[in-house]
Amino acid sequence: MKKEYFILRLHDIGAIKFGEFTLKSGHKSPFYFDLRDMISYPELLNKLAYLIADEIKDADFEYISGVPYTALPVATLVADILDKPLIFIRKEEKAYGTKNDIIGKFEPGSKCLIIDDLITTGESLVETAEKFKKAGLEITDFYVLIDRSNNIENQLNKLGYKLRSLIKLDKIIEVLKTNNRISGEQKKRIKEFTSELKHEVKTGKNYENHLTKLLKDKIKNKKSNLILSLDVDNQKDFFQILEKTAKHIVMLKTHVDILNDFTPEFIVKLKEYAIKYDFMIFEDRKFADIGNTVRKQYREGIYKIKNWAHFVTVHALPGEGILQGLFDGISNRSSFLLAKMSSKGNLMNETYTRNVFATGEKYADVVSGYICHANTAEELKKLKNKIPKGQLMLMPGVKLQSGKDATGQQYTTVEEAIKGGADCIIVGRGIIEAENPETAAKEYRERAWKMYKQGV
Ligand code: 5BU
């Protein structure tokens, strides 16, 4: 089967579509690929499998894997043709995270080639490869049906992967134009669209808003990435600890509803401290309702959070309406979305976290970053890599020593947090329950800053 035939058949079955499509990123694309239905065309699938088998037969591998769902049936046929054993990773995360994520039998130390349907950024293929590697397999080769990336081959090479592809986007456009499947005008639009996308990848759109910039400048000027979580229940203790620690912190995180003796004067005093000691204010309210309700919770009630907190925490769970409700008509305020909480057994799985980042990217004018926690620097780095450029990662669940508390809080060390890419650490009891909160704050601040400065 010639590649040209394959392109035309994919167009025939509607796997390649032209029109106007809104992508996950919010971009409008003049084309759309969805190869899922391919499996219902046996003659196409079969020819395709022989074509792939021919292209990879000389590569060095013992196992074949297909990424579910689309590429798995294709890989199954290829494995059969080449008489290679098939393995794959389940798509759904197991609720209780057992290690049994790989289906099929394999010998650790063997090489496996991974087949996927599409590649754009390479991110998901590399992630899959890492999972296999963790299970003891060696991964050096990828094969994709359609490569619509911006020359991702070079970047993958640097990471030690070789990418082969059946067809590239340019080839698809050329073949469809030659066969009068798309007009000259459409071809032009597609070319424009892809060159814009390429441009965007190259220059890397920045999602930093005005408030994010203020916080970043303060981190630099104050030489501190420490956010103090001052969770005490009375004003006296609150201001006593603040007085001693304020010079070390870049931002103060509050749970204003913990105070037994809240009065509007508390806010007046808090603002004075913020000016005197040059820190920003962050109310960890964790909004999680429909837009109309959070709008009132943010502006009204006894706390009137909107009037004094530069940032608030927000759950992306209810959908975009929550951000619309909170920030509609408001400037000079921003938020952090909860992407991966520090509490053990939290229900934020990989897919959820990824969707949170997508929401934050779309609403970057009112989202400054994400609250993320991981138990190791390595795990944290994976989260950091997915965060849109310019936005921040704040990490709670930090202490000088790792460990946990009685109700599921998990602690990672300052060093692991910063090594993993945290822009700021959030520390509560590590400081406020220390014998001397002042020296504790100084120690957290210095440890974090030293590591941060090294750019690790
Ligand atoms: P700690 O005393 O350092 O455990 O306090 C951590 C603070 O950060 C506390 O106010 C929590 O409510 C907050 N927090 C957290 O611990 N984990 C999370 O995932 C989020 C917030 Br979001």
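To be clear, the structure that these remarks concern was listed above.
Residues numbered from 1 in each chain as written. Predicted model: local features only at pLDDT ≥ 70, side-chain atom pairs only at ≥ 80, totals over all residues. Heavy atoms only, no water.

*Asks:* For this particular structure, what's the right way to read the site of the ligand?
*Replies:* Around the ligand sit 17 residues in total, of which Asp 231, Lys 253, Ser 342, Tyr 411 and Arg 429 are the nearest. One of the side-chain nitrogen or oxygen atoms of Asp 231 is found 2.7 Å away from an oxygen atom of the ligand. Gly 428 is positioned such that a nitrogen or oxygen atom in its backbone is 2.9 Å from an oxygen atom of the ligand. Coverage of the ligand by the protein amounts to 90% of the 500 Å² it exposes when considered alone. If you list the elements that add at least two residues to the shell around the ligand, you get strand S11 (280-287) and strand S19 (424-427). (Near = heavy atom within 4 Å. Polar contact = N/O pair within 3.5 Å; in protein donor to acceptor, adjacent residues only side chain to side chain. Areas by Shrake-Rupley, 256 points an atom, 1.4 Å probe, with all protein chains shown as cover. Helix = DSSP H or I, 4+ residues; strand = E, 2+ residues; numbered from the N terminus.)

*Asks:* How should the sheet that holds strand S3 (residues 63-66) be read in this particular structure?
*Replies:* Strand pairing in a sheet relies on backbone hydrogen bonds, with the paired strands running either antiparallel or parallel. The sheet built from six strands is open, its strands ordered S5-S4-S3-S6-S7-S8 with mixed pairing. Across the chains shown, the open sheet's two edge strands, defined by having one partner strand only, are strand S5 (102-103) and strand S8 (162-168). Of the strand pairs in this sheet, strand S6 (residues 111-119) and strand S7 (residues 138-147) are connected by eight bridges, and their pairing is parallel. Note on S7: the bridge partner recorded for Ile 115 is Tyr 143. (Pairing = 2+ DSSP bridges.)

*Asks:* Got a minute to help me understand the side chain of Lys 222 in this structure?
*Replies:* Its place among the elements puts Lys 222 in helix H8 (residues 210-222). Buried and unpaired, Lys 222 has no salt bridge, with Asp 278 as the nearest side chain of opposite charge at 5.7 Å. A distance of 3.4 Å separates a polar side-chain atom of Lys 222 from the backbone oxygen of Asp 278. In this structure Lys 222 touches Ala 246, Lys 247, Ile 249, Tyr 277, Asp 278, Phe 279 and Arg 445, once residues within four positions along its chain are discounted. (Buried < 20%, exposed > 50% of the residue type's maximum accessible area, 1.4 Å probe, protein only. Lys, Arg positive; Asp, Glu negative; His and termini not counted. Salt bridge = Lys/Arg side-chain N within 4 Å of Asp/Glu carboxyl O. Contact = heavy atoms within 4.5 Å.)

*Asks:* Before we go on, may I ask you to explain the packing of aromatic side chains in this structure?
*Replies:* Each aromatic ring pair is described using two quantities: the centre-to-centre distance and the angle formed by the ring planes. By the definition in use, this model includes 17 aromatic pairs. Both rings, one in Phe 282 and one in Phe 336, keep their centres 5.4 Å apart while their planes meet at 55°; by these two values the pair is tilted. Of this pair, Phe 282 sits in strand S11 while Phe 336 sits in strand S13 (residues 334-340); the two residues are 54 residues apart in sequence, bridging distant segments of the chain. Looking at Phe 282, the relative accessible area reads 0%, which means it is buried. For Phe 336, a relative accessible area of 0% translates into the label buried. Among the aromatic residues, those joined into a cluster by ring pairs are Phe 238, Phe 239, Phe 262, Phe 266, Tyr 273, Tyr 277 and Tyr 303. Directly above the aromatic system of Phe 61 lies the positively charged group of Lys 84, at a separation of 4.9 Å from the ring centroid. (Phe/Tyr/Trp six-rings, centres within 6.5 Å; stacked < 30°, edge-to-face > 60°. Lys NZ or Arg CZ within 6 Å of the ring centre and 35° of its normal.)

*Asks:* I tried to follow the pairing of S3 on my own but got confused; where do I start?
*Replies:* Across the two faces of S3 the burial is the same, with Tyr 63 and Ser 65 and Ile 64 and Gly 66 all buried. One ladder, built from two bridges, connects S3 with strand S4 (residues 86-89); its direction is parallel. Across the sheet, Ser 65 pairs through a bridge with Ile 87, a residue of S4. Regarding the hand of the β-α-β motif, the stretch spanning S3, helix H3 (residues 71-82) and S4 is right-handed. (Right-handed = clockwise from strand over helix to strand, strands pointing away.)

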